[in-house]
Amino acid sequence: MYHVKVKVCKDPAEVGKLAADLFENLIAEKPAGVIGLATGSTPLPLYRELIAREKAGKIDFSRVHSANLDEYKGLAPDHPQSYRRFMQENLLDHISIKYENTIVPDGLCEDVDAMCEAYERQIEEWGGVDLQLLGIGHDGHIGFNEPCDHFPAKTHEVELTEMTRDANKRFFDSIDEVPTAAFTMGCGTVMAARKIVMVITGKDKADILNAAFYGPVTPEVPASILQFHPDVTLICDEAAYSKVGK
Ligand code: PGA
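Calculation rules
Residues numbered from 1 in each chain as written. Predicted model: local features only at pLDDT ≥ 70, side-chain atom pairs only at ≥ 80, totals over all residues. Heavy atoms only, no water. Core = buried A, V, L, I, M, F, W, Y, C linked by side-chain atoms within 4.5 Å. Buried < 20%, exposed > 50% of the residue type's maximum accessible area, 1.4 Å probe, protein only. Helix = DSSP H or I, 4+ residues; strand = E, 2+ residues; numbered from the N terminus. Contact = heavy atoms within 4.5 Å. Near = heavy atom within 4 Å. Polar contact = N/O pair within 3.5 Å; in protein donor to acceptor, adjacent residues only side chain to side chain. Areas by Shrake-Rupley, 256 points an atom, 1.4 Å probe, with all protein chains shown as cover. 1 Å grid on protein atoms, 1.4 Å probe; cavity = no way out; pocket = protein on both sides within 12 Å on 5 of 7 lines; lining within 4 Å. Sits in = over half its atoms within 2 Å of the grid points. Nonpolar A, V, L, I, M, F, W, Y, C, P; charged D, E, K, R; others polar. Pairing = 2+ DSSP bridges.

### Some remarks on the nonpolar core
Step number 1: Counting residues in each nonpolar core, the largest one holds 60 residues, and the members touching the most others are M198 and F213.
Step number 2: The biggest single contributor to this core is helix α1 (residues 12-29), with 6 residues.
Step number 3: Contacts of F213, omitting those with residues within four sequence positions, involve V4, M198, I200, L226, Q227, V232 and L234.
Step number 4: By size, the runner-up hydrophobic cluster in this structure holds 9 residues, among which are Y72, L75, Y83 and L160.

### Focus: the site of the ligand
Step number 1: The full set of residues close to the ligand is G40, S41, T42, G135, I136, G137, H141, R170 and K205.
Step number 2: Between the ligand and the protein, one listed contact pairs an oxygen atom with a side-chain N or O atom of H141 at 2.7 Å.
Step number 3: At 3.4 Å, a side-chain N or O of R170 approaches an oxygen atom of the ligand.
Step number 4: Notes on the ligand: free accessible area 280 Å², of which the protein chains cover 80%.
Step number 5: The cavity that encloses the ligand is the largest pocket.
Step number 6: The class makeup of the residues in the shell around the ligand is 1 nonpolar, 6 polar and 2 charged.

### Remarks on the pairing of strand β6 (residues 131-134)
Step number 1: On β6, burial covers both faces: L131 and L133 on one face and Q132 and L134 on the other are all buried.
Step number 2: Pairing geometry for strand β2 (residues 34-37) and β6, over 2 bridges, is parallel. Bridge assignment links I35 to a residue of β6, and that residue is L131.
Step number 3: Of the pairings in the sheet, the one linking β6 to strand β9 (residues 195-200) comprises 4 bridges and is parallel in character.

Written out as structure tokens, the structure is:
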């Protein structure tokens, strides 16, 4: 078993700073590196920190490439709740990365298999992901890889669980507007990244943090597969870490 590096911080702001250090170091070593990005509330302090560090001259994103984990099926890139729009508003529009060097799965694609294959191919052509950022769902999902009986390998379409739709309905006017399907990198796509950093904050994530990193590796908890990756850093706050060893 590999050893997951665990860093416990006092609050989400510190989680953002420690995670930003990993991105800063990667880009200093590899200015045209490939970063894997994630949506959700947990990465927001990190994104604010990355924007501030580029403004302060500590990071240069101008040659960096980025690939996002997932996108809702049926939402246009400029839909207020699309993950493409989330990324533009919360990070990409505020740093020097070139739009053409950023990819998010196409929520409106007509040929799903072709889009998913092209997504994998683009990442490969860039040389693979150097540092993949992940959040975790309350059910242990990574990207939109929900609990199931196997670990999906590649970028694919998924039906969203009621738990995930319910967790995400806060961003929509009603649950009926939350898409029922999405496109996501597979667990295999994620595991192919050279380095992975997972950020987890808040007491409501304490049970799933414990299950994912200190329980058995099982597709019932998709994030548990990270225990088999050789270079994972878990950065969490004290609240999220509070069930470990209890
Ligand atoms: P959150 O989402 O950061 O908004 O909790 C994480 C996820 O569902 O992957």
